[in-house]
Amino acid sequence: MFEFIDYNRYIYKCLFLIFAGFTLRYVLIICGQRWANTYHHLGSYLLLPIISLVISTIIKDDIALSLGMIGALSIVRFRNPVKSPFELVMFFALVTLGVTAGVSIGLCQNLFFMIVFVLLGIKILDTFLKKFFNLSLFQYSFGDGNISYSLEIEASKDLKILSDHKGLISSYNDKKNFTYNYRLVFKNRNELIKFKNELTNIENINNIR
């Protein structure tokens, strides 16, 4: 089976998949997905497409190997929990790139450029809407792995500047101690510092963390 493989073209496919994996990870970081900026994700994004290519190349003409590989993959699966559906989608995209490269490198390249276009398109459109229309395509979430700047504020009365803030993810009213607690998230450090400075002249704020 292996003597019929065009190794020059096979090496080209592997190099392109390495480039694609590295680029996708870099695009995610540009878009603010900080969970991708780790050694583990770098290694996964570089290796997963190549591994998928090798597997699809080996088993595509052998039914016995195909069934055996399905059984092996059902046992040796990802043991660590995926933090979000989007992270799972990206892993699936990497596997699909590797499998598609084994069938058609042109189709694989088209898929890669489409994924990059969608990821950057979401970021660019969200920036445009915020700048000109003060709108956002999505809400902030403290559990997405891409928000690392937050404020916890305790006040002695309900403040609309906090309760109506677009970055508010939770609030709590302690009736016994007459306190109002808010948690807000921001996309970057500058936004956090700017808003914190706006709160310095507001009365009824007990503390800011």
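In short, a report on the structure. Computed from a prediction, not measured in an experiment: that's the story for all the values here.

Rules used throughout
Residues numbered from 1 in each chain as written. Predicted model: local features only at pLDDT ≥ 70, side-chain atom pairs only at ≥ 80, totals over all residues. Heavy atoms only, no water. Helix = DSSP H or I, 4+ residues; strand = E, 2+ residues; numbered from the N terminus. Contact = heavy atoms within 4.5 Å. Areas by Shrake-Rupley, 256 points an atom, 1.4 Å probe, with all protein chains shown as cover. Expected span 1.5 Å × (residues − 1). Bend = angle between axes of the 7 residues up to and from the residue. Buried < 20%, exposed > 50% of the residue type's maximum accessible area, 1.4 Å probe, protein only. Pairing = 2+ DSSP bridges. Axes fitted to C-alpha atoms, helices over the stretch in contact; angles between N-to-C directions. Arc of directions from axis to C-beta.

**A few points about the overall build of the protein**
Tallying secondary structure elements over the protein gives seven helices and four strands in all. For the protein, the N- to C-terminal ordering of α and β elements is α-α-α-α-α-β-α-β-β-α-β. Here the analysis covers contacts within the protein between residues at least 6 apart in sequence; of these, 68% occur between residues at least 24 apart. Summed over all atoms, the accessible surface of the protein reaches about 13,800 Å², with 64% contributed by carbon and sulfur.

**Concerning helix α2 (residues 39-59)**
Relative to the 30 Å expected for 21 residues at 1.5 Å per residue, α2 spans 30 Å between its end C-alpha atoms, a close match to the ideal helical length. The largest bend in α2 amounts to roughly 30 degrees and is located at Leu47, with the proline Pro49 lying one to four residues further along. For α2, the set of buried residues is His41, Tyr45, Leu48, Pro49, Ile50, Ser52, Leu53, Ser56, Thr57 and Ile59.

**Looking at the sheet that holds strand β1 (residues 149-155)**
The four strands are arranged β2-β3-β1-β4 in an open sheet whose pairing can be described as antiparallel. Since the sheet does not close on itself, it has two edges, and those belong to β2 (168-174) and β4 (205-208), each with one partner. On average, each strand axis in the sheet is inclined to that of its neighbour by 15 degrees, with strand direction left out of account. Pairing analysis gives three bridges linking β1 to β4, with the strands arranged antiparallel. Bridge pairing links Ala155 to Ile205 in β4. Those strands touched by helix α7 (residues 189-199) are β1, β3 (179-186) and β4, and its axis lies near 15 degrees from that of β1.

**Regarding α7**
Those residues of α7 that sit buried are Leu192, Phe195 and Leu199. Looking straight down α7, one finds its buried side chains confined to an arc of 75 degrees; they lie on one side. Exposed positions of α7 whose direction lies more than 90 degrees from the buried face are Arg189, Asn190 and Lys194. The elements touched by buried residues of α7 are β1, α6 (160-163), β3 and β4.

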